[in-house]
Amino acid sequence: GIQVEQSPPDLILQEGANSTLRCNFSDSVNNLQWFHQNPWGQLINLFYIPSGTKQNGRLSATTVATERYSLLYISSSQTTDSGVYFCAVYNSGGGADGLTFGKGTHLIIQP
Amino acid sequence: DAGVIQSPRHEVTEMGQEVTLRCKPISGHDYLFWYRQTMMRGLELLIYFNNNVPIDDSGMPEDRFSAKMPNASFSTLKIQPSEPRDSAVYFCASSPRDSWRNGGYTFGSGTRLTVV
């Protein structure tokens, strides 16, 4: 099945810093999503971005489908941005159905 | 809309006992997914339903696990007998029609299961 790798696995930043999270995937995808799992465990859908660039406030995401990677940018980080960020993909070409998740980037924003 | 509702939020049980996790999807959503999250394996799809029919259960780890969706507003995931290695957070998610392929997932808050 499709492989999803995220980097870095852990990231500690001061409030106000910017960050870039990366997601690499092993095959072409029909769907790529970014999720945020907050410290209470809730999974929040951030972006649906199989290609191109989207922005939502301080967050933006870019997927370069031809090169099989996606980036999540967080600007002017706040402590509420802490948590785990997951990239998840869907490939209609085979393998397990449903979304395949990466292992996540654990982000800690310190005040 | 109350979102996807899972119960219980936490469950602690003894090895060998039967455990039943419950999920109420968002009204009108045709797809329902069960995921399991562990430190070692991350988030894994266990099974999903379309219009109450199980479509793909290839992720169900073994026969001790079973899932049902008797109607559009309720699903259960049962583990019998439970084992310590089943300890994990179990998530339910739902999606309208086929939009899960296009970003339409909504997750519940999860059930944290501990088997001692």
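Residues numbered from 1 in each chain as written. Chains lettered and ligands numbered in written order. Predicted model: local features only at pLDDT ≥ 70, side-chain atom pairs only at ≥ 80, totals over all residues. Heavy atoms only, no water.

So, about the sheet that holds strand β7 (residues 65-71) of chain B. Residue and element names in this part refer to chain B. An order of β1-β3-β8-β7 is seen for the 4 strands of this open sheet, with the pairing classed as antiparallel. The outermost strands of the open sheet, each flanked by one partner alone, are β1 (5-7) and β7. Recorded for the sheet is a direction-independent mean angle of 15 degrees between the axes of neighbouring strands. Looking at chain direction, β1 and strand β3 (residues 19-24) are connected through 3 bridges and run antiparallel. Note on β3: the bridge partner recorded for Ile 5 is Lys 24. (Pairing = 2+ DSSP bridges. Helix = DSSP H or I, 4+ residues; strand = E, 2+ residues; numbered from the N terminus. Axes fitted to C-alpha atoms, helices over the stretch in contact; angles between N-to-C directions.)

To continue, consider the packing of aromatic side chains. Residues and elements named next belong to chain A. Summed over all chains, the structure comprises 13 aromatic pairs over all chains. Residues Phe 35 and Phe 101 carry aromatic rings whose centres are separated by 5.5 Å and whose planes lie at 40 degrees to one another, so their mutual orientation is tilted. Taken together, the residues Phe 35 in strand β4 (residues 31-37) and Phe 101 in strand β10 (residues 100-101) connect sequence positions 66 residues apart. Exposure remark for Phe 35: the relative accessible area of 0% places this residue in the buried category. (Phe/Tyr/Trp six-rings, centres within 6.5 Å; stacked < 30°, edge-to-face > 60°. Buried < 20%, exposed > 50% of the residue type's maximum accessible area, 1.4 Å probe, protein only.)

Let's shift gears to the interface of chain A and chain B. If you look at the interface, chain A gives 18 residues, while chain B gives 20 residues. Together, the buried faces of chain A and chain B total about 1600 Å²; carbon and sulfur atoms form 52% of this surface. Remark: the boundary between chain A and chain B carries 0 salt bridges. At the boundary of chain A and chain B, one finds 5 residue pairs in polar contact (both at pLDDT 80 or more). Those elements giving two or more residues to the side of chain A that touches chain B turn out to be β4, β5 (43-48) and β9 (83-90) of chain A. Broken down by element, the residue count for the side of chain A that touches chain B peaks at 4 residues, all from β4(A). Partitioning the side of chain A that touches chain B into residue classes produces 8 nonpolar, 8 polar and 2 charged. (Contact = heavy atoms within 4.5 Å. Buried area = accessible area lost by both parts, 1.4 Å probe. Salt bridge = Lys/Arg side-chain N within 4 Å of Asp/Glu carboxyl O. Polar contact = N/O pair within 3.5 Å; in protein donor to acceptor, adjacent residues only side chain to side chain. Nonpolar A, V, L, I, M, F, W, Y, C, P; charged D, E, K, R; others polar.)

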